[in-house]
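Spelled out, the chains give:
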Amino acid sequence: MRSVQVTGAGRTGFVEIEKPVAGPRDVLVRMRACGVCGSDGLYIAVGGIPPRQGATPLGHEPAGEIAEVGALVEGLSVGDHVILNPMASSDGIIGSGGAQGGLSEYVLIRDAMIGTHLVTVPDHIPFEVAALNEPMAVAGHAVNRTNPKPGDKVVVFGAGPVGLGAAIGYKLRGAHVVVVDIVPNRLEKALRVGADAVIDSAKEDVAARLLEIHGEAPRSFVRGARPDTDIYLDAAGAPVVAETVLASVKHGAVFGIVAVHKKPVPVDFGELLTTELTVVLSMGYPTEIFEVTKDLVENWERYALLISDVIPFAEAERALTLGSTPGAAEKVVVTFG
């Protein structure tokens, strides 16, 4: 079978490898869709992930169809549509340094257990939407870390897939959500997925607009008028986001960070002391990988709006280039015929 792998620093290619065979406790999954993540571009740039330097199978956002079921596996049948948990594979993280990748024609799940390694989804859910489950789990964990309550006023910086996924998650929790970005079509998409308002930070003063949208917070020890925003989420990773948030938070607000910051961000703790700001960091999805699946299934048409490009497996290398180039596309998903 064919597998897309890192073949060297800055290089990828289709590699012919042996098709796995399912044992009595295993499930063989035919890949039907796999999302492209920005981290794929990082793996490619550095030449793979040790110990598979130069030979790292790619693709950690997989969805597929069961092709073979071992005799001792319970609750699964050939033809079931499934979402995989890339973190649970016994031979390493799928598509992130493990022996297998979702950008392959088949993936073998050893000792397969429903709810641990994979879950089924209804047949009417498009495979490209099912492949959003992994990044939506990342978004779901970010939402959980900030612990929103119904009626909370939230602002999400960054209208990429994780930011918009978080915006949907906050809306499903009953929050009022504002999305901030500098790309007009991303802001339009934010409104389409349910954001209550958007701010173009290239043209508007974010703090001033939040004062207009969320109102002014009750006065406290914090100096000056502050927006009555309860939760800020950084899904952009730009230093200006932290600068904007830290300069305008009200007393008792929460600042969540799910984006990867590549450079240090200076913080004046003396200036922040009176805000009693809570800062929470969010990484991966300790429990959320299948917790988000119910929302994904129930609201799949809304989540489908996050996908900007669907590219066939034969053009997977183009998909990787597109998906890992900042600003080139919102969300790229590779599909298999």
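Residues numbered from 1 in each chain as written. Predicted model: local features only at pLDDT ≥ 70, side-chain atom pairs only at ≥ 80, totals over all residues. Heavy atoms only, no water.

**Things to note about the overall build of the protein**
Looking only at helices and strands, the protein features eleven helices and 16 strands. When the backbone C-alpha atoms are referred to their principal axes, the protein occupies close to 65 × 40 × 35 Å. Counting the 337 residues in the protein, one finds 52% classified as buried. When contacts within the protein are restricted to residue pairs at least 6 apart in sequence, long-range pairs at least 24 apart make up 65% of them. Roughly 14,600 Å² of accessible area belongs to the protein as shown, and the carbon and sulfur atoms make up 55% of that amount. Here the protein contributes 28 positive and 40 negative side-chain charges, whose respective centroids are spaced 3 Å apart. (Helix = DSSP H or I, 4+ residues; strand = E, 2+ residues; numbered from the N terminus. Buried < 20%, exposed > 50% of the residue type's maximum accessible area, 1.4 Å probe, protein only. Contact = heavy atoms within 4.5 Å. Areas by Shrake-Rupley, 256 points an atom, 1.4 Å probe, with all protein chains shown as cover. Lys, Arg positive; Asp, Glu negative; His and termini not counted. Charge placed at Lys NZ, Arg CZ, Asp CG, Glu CD.)

**Description of the pattern of salt bridges**
Here the structure, examined in full by the defined rule, presents 15 salt bridges. One salt bridge in this structure joins Lys153 and Asp228, with 3.3 Å as the shortest N-O distance. Here Lys153, found in strand 9 (residues 153–157), pairs with Asp228, found in the loop between helix 6 (206–214) and strand 12 (231–234); they are 75 residues apart in sequence, far enough to count as distant. Residues Lys250 and Asp230 are paired through a salt bridge, measuring 2.8 Å at the closest nitrogen-oxygen approach. (Salt bridge = Lys/Arg side-chain N within 4 Å of Asp/Glu carboxyl O.)

**Quick look at the sheet that holds strand 1 (residues 2–8)**
Read from one edge to the other, the open sheet built from three strands follows the order 2-1-4, with strand pairing classed as antiparallel. The open sheet has two free edges, formed respectively by strand 2 (11–16) and strand 4 (56–57), since each of these has just one partner strand. Both strand 1 and strand 2 contribute to a ladder of six bridges, which runs antiparallel. Counted as the bridge partner of Arg2 is Glu16 from strand 2. The sheet contacts of helix 11 (residues 316–323) involve strand 1 and strand 2, and relative to strand 2 the element is tilted by about 150°. (Pairing = 2+ DSSP bridges. Axes fitted to C-alpha atoms, helices over the stretch in contact; angles between N-to-C directions.)

**Examining helix 4 (residues 161–172)**
With twelve residues, helix 4 should cover 16 Å at 1.5 Å per step; its first-to-last C-alpha distance of 16 Å lies within 8% of that length. Of all twelve residues making up helix 4, nine are buried, and the element is well covered by its neighbours. Within the sequence span of helix 4, burial applies to Pro161, Gly163, Leu164, Gly165, Ala166, Ala167, Ile168, Gly169 and Tyr170. The elements touched by buried residues of helix 4 are helix 3 (133–146), strand 9, strand 10 (176–181), helix 5 (184–192), strand 12 and helix 10 (300–304). Phi turns positive, to about 90°, at Gly174, one or two residues after helix 4. (Expected span 1.5 Å × (residues − 1).)

**Notes on the nonpolar core**
Of all hydrophobic cores here, the largest spans 46 residues; its most connected members are Tyr170, Val177 and Val179. At the level of elements, helix 2 (127–130), helix 3, strand 9, helix 4, strand 10, strand 12 and helix 9 (293–298) are the ones that each hand at least two residues to this core. No other element matches the six residues that helix 3 contributes to this core. (Core = buried A, V, L, I, M, F, W, Y, C linked by side-chain atoms within 4.5 Å.)

**A short note on the packing of aromatic side chains**
Geometrically, a pair of aromatic rings is defined through the distance of the ring centres and the angle of the planes. Counted according to the given criterion, the structure contains two aromatic pairs. Both rings, one in Phe14 and one in Phe313, keep their centres 5.2 Å apart while their planes meet at 85°; by these two values the pair is edge-to-face. Of this pair, Phe14 sits in strand 2 while Phe313 sits in the loop between strand 15 (309–312) and helix 11, placing them 299 residues apart in sequence. Exposure remark for Phe14: the relative accessible area of 29% places this residue in the partly exposed category. Here Phe313 and Phe336 contribute two aromatic rings whose centre-to-centre distance is 4.4 Å and whose plane-to-plane angle is 25°, an arrangement assigned as stacked. Here Phe313 is found in the loop between strand 15 and helix 11, whereas its partner Phe336 is found in the segment after strand 16 (332–335), with 23 residues between them in sequence. (Phe/Tyr/Trp six-rings, centres within 6.5 Å; stacked < 30°, edge-to-face > 60°.)

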